[in-house]
Structure formats: structure tokens, C-alpha cells
Amino acid sequence: MISLDEARGFVRRDLCTLDPVPRPIDDALGLVVAEVVLARERVPGFSNSAMDGYAMRSSDTSASETRLRVTGAVMAGEVASTPLGTGEAIRIMTGAPVPKGADCVCMIEEVSLDPAGREVSIQRTMAVGENVRHAGEDIEVGQVLIASGAQLGIVELGVLASQGYATVKVYPRVRVGVLSTGSELATSLGALAEGQIRDLNRPMLLASLRRSGFEAIDLGIIPDDEALITRTLENAIVDCDAVVSTGGVSVGDVDYVKGAIAKLCGDRARSMKVAIKPGKPLTFGIAGERGTPVFGLPGNPVSTLVGFELYVRPSLRVLGGHQELERPMLTSVLDTAISRRRDGKLHLIHVVVEIGADGCAHVTEIMRQGSHLVSAIAGANAIAMVPDSEGLEPGQRVRTMMLDFDRFTSPTSESST
Ligand code: AMP
Ligand code: MG
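Thresholds applied
Residues numbered from 1 in each chain as written. Chains lettered and ligands numbered in written order. Predicted model: local features only at pLDDT ≥ 70, side-chain atom pairs only at ≥ 80, totals over all residues. Heavy atoms only, no water. Phe/Tyr/Trp six-rings, centres within 6.5 Å; stacked < 30°, edge-to-face > 60°. Helix = DSSP H or I, 4+ residues; strand = E, 2+ residues; numbered from the N terminus. Buried < 20%, exposed > 50% of the residue type's maximum accessible area, 1.4 Å probe, protein only. Core = buried A, V, L, I, M, F, W, Y, C linked by side-chain atoms within 4.5 Å. Axes fitted to C-alpha atoms, helices over the stretch in contact; angles between N-to-C directions. Parallel < 35°, antiparallel > 145°, perpendicular 65-115°, else oblique. Left-handed = near helix turned anticlockwise from the far one by under 90°. Contact = heavy atoms within 4.5 Å. Near = heavy atom within 4 Å. Polar contact = N/O pair within 3.5 Å; in protein donor to acceptor, adjacent residues only side chain to side chain. Areas by Shrake-Rupley, 256 points an atom, 1.4 Å probe, with all protein chains shown as cover. Pairing = 2+ DSSP bridges. Nonpolar A, V, L, I, M, F, W, Y, C, P; charged D, E, K, R; others polar. Expected span 1.5 Å × (residues − 1). Bend = angle between axes of the 7 residues up to and from the residue. 1 Å grid on protein atoms, 1.4 Å probe; cavity = no way out; pocket = protein on both sides within 12 Å on 5 of 7 lines; lining within 4 Å. Points joined across faces, edges and corners; volume = space filled by probe spheres on them.

Within the structure shown, the criterion is met by 3 aromatic pairs. Here phenylalanine 284 and phenylalanine 295 contribute two aromatic rings whose centre-to-centre distance is 5.0 Å and whose plane-to-plane angle is 55°, an arrangement assigned as tilted. Taken as a pair, phenylalanine 284 in strand 20 (residues 281-287) and phenylalanine 295 in strand 21 (residues 292-297) lie far apart in primary sequence, 11 residues in all. The buried category is assigned to phenylalanine 284, whose relative accessible area is 1%. Put simply, the rings of Phe10, Phe284 and Phe295 pair up and form one aromatic cluster.

Okay, structure coming up:
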């Protein structure tokens, strides 16, 4: 058996980032930028009003009453037809260009308009620039908008859109082929023959990949047939940037995936027994000229999910150019005991982590364990990493890998709804 660190080190060793490509910004959410993006337009492009009101000259106003002649109106999208002269005001709406000659905008609520609509009066002095958004206040030409290596979130896409960028150079969305191996496997359609089970690894992996922002390609179910498995993997490495297979990597009579990956990757493959539970067997190799990573995860569904988090997701993030590879880790206080026996392995246990009334992360629920027990881990939002020991007591701390912040609750979020 080797340590988890050693296994992860082997998997990470020769991974390469994919070559950058230009992508339309509406298909770039979550991708990583592969260039420094500079501003090419000022934002705002012109001085405009921050309020609905009247554009005027601050020097015209005084502490007592000031009356100004209304000479026109300018809406957002228009330009005032005449400049503003002394003693004048122009009605202006939010976002409209501030007319030449004006240096401030008095909000509509602070002026009174005579019934004929020809004159406004205001009862205070205005400061230069009041309620004016200045040209270039948000972004100046040449400014760094997005650093190379940044992940494109919603705000970054907005910033690119504000500059008229239609495309951006990014690391491509990693294309990942997924296959389930096992002669016992059937799809979710139709009746099961005796001895058959339904394939749940493939649907779970496809969903996990998509949730993490990768492109998932369904390569189907392949029976325990050495030639067929080899051929499927050979084809997959041509079409995909990475391949994830489940089943057939242990010591069973028909565990052919191990050998198929070895054949495909030569001395760049390794079959490992990792000191973790669940998910002990792992085969990993790098195949072909493009250096395509091929993951052979064990077939038990909980092992598959754990293997995805420990090896697959961080590796695919390397390919996608991400700087942050890992899920967030929290140190959480145990509200209940975790029982286990000393066996030389790190135990990876699905749990629920919540923020307690003390503001700290707490493990509030420990899912029933068993690498084949999928329904038992439904509702978990984290994996607790329980080191080799005779178990942990309530009040002790444990490292928790946070999987799903959509399922993360805290007392404040409950009481505020
Ligand atoms: P294996 O890793 O091929 O030895 O499989 C270990 C266990 O996981 C066996 O009980 C398999 O039937 C089961 N298994 C393998 N692949 C899947 C799958 N795709 N969906 C559900 N169970 C599976
Ligand atoms: Mg099998």
C-alpha cells in the first residue's frame, strides 16, 4: 500500500495544461483566462448623470434660493442639442450625457419646478461634480481588466462585455470521456436479468464533471472484455482530453481495465493500492502523444465518487489552467463520534457540515459507511478525512473537504428566511 499523497503525486506528476484557444464570452463562464486582458475603452465613455434631475453650473447656485431657466431636456441615449449657459438648467435623466457647460446635477427631489415648467428653484449650493459619473471612473484605457490565470466568473464576463469583447483567450473546457466497465451492468431502462445491476457510476460521473465545469462525453457501458475495453480506451484518448473509467482495476479474474491502461500507457501507467477507505485500488496512466490522462477508478459507487474528488477533479483543473486545484478544506468540530478501527488507512467519510451557533463548522451527521451504499451518502456536503486511529470523539476536530456549498446551512441563513 502507498499513501494517498504518493498516489496523488504520481497522478499529478506529468499533467499538462491544454493549449489556449479563443472562445466566445457567452461560452466562457468558469474557464480560465490565458492572457492579460487590457481595457480598450473607457467606462463610462462620457460624463453622465447619476440621477434623474437637472444639470446646472455649481457656480450659479447659492445658499439661499437660486432660480434657473429650463432650456431643454436630455434622456439616456440622447445628447443635449445646446450647451448650458449661465443661469440655465437642463432636465436630465440617469445615464444621459452631462451637457457641455454643466458641472453638476441636482436631483429631481431637491428642486421645485414652476407650473409652466420653465423655471426650477433650488435651496442650496451644489458642489462641482455632484451626481456626475465621470468618464473613465470605472475603467481607463490600458488598465488591466483581468489577470492571466483568473477564472471567468459572472463579474469578469460583465467587465469583458463592457469593453465590447466578443471573444477571450482561455484554456479550453476539458473534454472528458466516461465509461463504466462490468458485464453485470445495465442502463436504467428495461428489466434487469438475473445477476445484473444498474450502472450508476456513469450518470454520477457525468453529472460530477458537468457540475465542475468540464465537458462530459458518455462512452457507455463496456462489458468485461479485454479487447473491447482496450479499443474503447484507444478511441477515447483520440477524442478526449482525459478519460475516466470505473471498475476492473482490482484483483478480480476479469479486472481488465488495469491491463488495458498499462498496455495503452506503457511505463507511464501505474496500478496502485492506496491506503484509503473506500477506494483502495487505482490505476492511472498518461496515454498517447497528447499526454491524455486515463483514470481507472474502482467500481464501487462511493469509491468512484471519492476517487473523482481525490484524483480526477484536481487533475482536470490542471488541464483547464486553474490555479486553485482543490476543494476548500475546513477544520470542523465533531458533534458526534466517528467510530473506526486502526487499519493503516485514511478513512474518507461522507458527512454533513454546518455552521453552528458558535460560528464554527460542525460535523452534524455522519453517513452510514460502505463503498456500495450510495443512498446512505445522499445529502452529504463534505468528506471527512479521518486519520488512522481508533475513532474520534465528539468535540474533536477533523479535516473536511467541502463538496457542495449549495447544501451548506448556517443558523443565520435559517433564521433570516
Ligand atoms: P469492480 O471494481 O469492477 O471490482 O466492481 C466493484 C463493485 O462495484 C462490484 O460489486 C460491481 O458490481 C460494482 N460496480 C462496478 N461498476 C459499477 C457501476 N457502474 N455502477 C454500479 N455498481 C458498479
Ligand atoms: Mg468489475
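Structure's up, so let's keep going.
This part takes up the nonpolar core. Counting 46 residues, the largest nonpolar core has Val274, Leu310 and Tyr311 as its most contacted members. Counting residues per element, this core draws most heavily on helix 6 (residues 301-319), at 10 residues. If you look at the next biggest cluster of nonpolar residues, it comprises 18 residues, including Ala236, Ile237, Ile261 and Leu264.

Attention shifts here to the packing of helix 4 (residues 226-239) against helix 5 (residues 257-265). Two elements in contact, helix 4 and helix 5, have axes separated by 9 Å at closest approach and are oriented at 45°. Taken together, the axes of helix 4 and helix 5 lie oblique to each other. Of the two possible hands of crossing, helix 4 and helix 5 adopt the one that is right-handed. Each of Ile229, Thr230, Leu233, Glu234 and Ile237 in helix 4 lies in contact with helix 5, whose residues at this interface are Val257, Ala260, Ile261, Lys263 and Leu264.

This paragraph deals with the site of ligand 1. As a matter of local geometry, ligand 1 sits amid 14 residues, with Glu184, Asp199, Leu200, Gly248 and Gly299 nearest to it. Side-chain polar atom of serine 180 to a nitrogen atom of ligand 1: 3.5 Å apart, as the coordinates give it. Within the contact set of ligand 1, an oxygen atom lies 2.5 Å away from a side-chain nitrogen or oxygen of glutamate 184. Compared with its free state, where it exposes 480 Å², ligand 1 has 76% of that area covered by protein.

Time to look at the sheet that holds strand 5 (residues 66-74). With respect to topology, 6 strands assemble into an open sheet ordered 7-4-6-5-9-8, the strand pairing being mixed. The outermost strands of the open sheet, each flanked by one partner alone, are strand 7 (104-107) and strand 8 (111-113). Taken over all neighbouring pairs, the strand axes of this sheet differ in orientation by 40° on average, direction set aside. With 4 bridges connecting them, strand 4 (residues 53-56) and strand 7 associate as antiparallel partners. If you follow tyrosine 54 over to strand 7, its bridge partner there is cysteine 106.

In this section: the side chain of threonine 400. Note that threonine 400 resides in strand 26 (residues 397-402). A relative accessible area of 0% means that threonine 400 is categorised as buried. Excluding anything up to four places from it in sequence, threonine 400 contacts Pro328, Met329, Leu330, Ser332, Val351, Val353, Val363, Ala382, Ile383 and Ala384.

Take the packing of helix 3 (residues 201-211) against helix 6 next. Between two packed helices, the angle of one axis relative to the other and the distance separating the axes together describe the packing. Across the interface, helix 3 lies against helix 6 with an axial gap of 11 Å and an inter-helix angle of 30°. Considered as vectors, helix 3 and helix 6 are oriented roughly parallel to each other. Here helix 3 runs over helix 6; the crossing is right-handed. Listed contacts from helix 6 to Asn201, Met204, Leu205, Ser208 and Leu209 of helix 3 are Pro301, Thr304, Leu305, Phe308 and Leu316. Partitioning the contact of helix 3 with helix 6 into residue classes produces 7 nonpolar, 3 polar and no charged.

Before going further, it helps to examine the sheet that holds strand 13 (residues 175-181). With mixed pairing, the 6 strands of this open sheet are ordered in space as 16-13-17-21-20-18. The open sheet has two edge strands with one neighbour each: strand 16 (215-222) and strand 18 (269-273). Each adjacent strand pair in this sheet contributes to an overall mean axis angle of 15°, direction not counted. Note: strand 17 (residues 242-246) against strand 21, 4 bridges, orientation parallel. The residue bridging serine 245 from the neighbouring strand is glycine 296, located in strand 21.

What follows covers helix 6. Because each turn of an α-helix spans 3.6 residues, side chains separated by three or four positions in sequence point in the same direction. Here helix 6 contains 19 residues, and its C-alpha end-to-end distance of 25 Å stays within 8% of the 27 Å for a straight helix at 1.5 Å per residue. Residue phenylalanine 308 marks the point of greatest curvature in helix 6, where the axis turns by about 45°. The element helix 6 is extensively covered by neighbouring structure, given that 19 of its 19 residues are classed as buried. With its phi angle positive at about 80°, glycine 321 sits one or two positions after the end of helix 6.

Using a probe with the size of a water molecule, rolled over the atoms, empty space left in the structure can be pinpointed. Quantified by volume, the largest pocket comes out at close to 550 Å³. Along the walls of the largest pocket sit 19 residues, with Ser208, Arg211, Leu305, Leu403 and Asp404 positioned nearest its centre. Among the elements of the structure, helix 3 and helix 6 are those that each provide at least two residues to the lining of the largest pocket. Among the elements that line the lining of the largest pocket, the one with the most residues is helix 3, at 4 residues. Residues belonging to the lining of the largest pocket are distributed by class as follows: 10 nonpolar, 4 polar and 5 charged. Empty space within the second largest pocket amounts to approximately 470 Å³. Lining the second largest pocket are 32 residues, and of these Glu184, Gly247, Pro298, Gly299 and Asn300 lie nearest its centre. When residues of the lining of the second largest pocket are traced back to their parent elements, those giving at least two are strand 15 (197-198), strand 19 (276-277) and helix 6. Classifying every residue of the lining of the second largest pocket by side-chain character gives 10 nonpolar, 13 polar and 9 charged.

None of this, on its own, says anything about what the molecule does.
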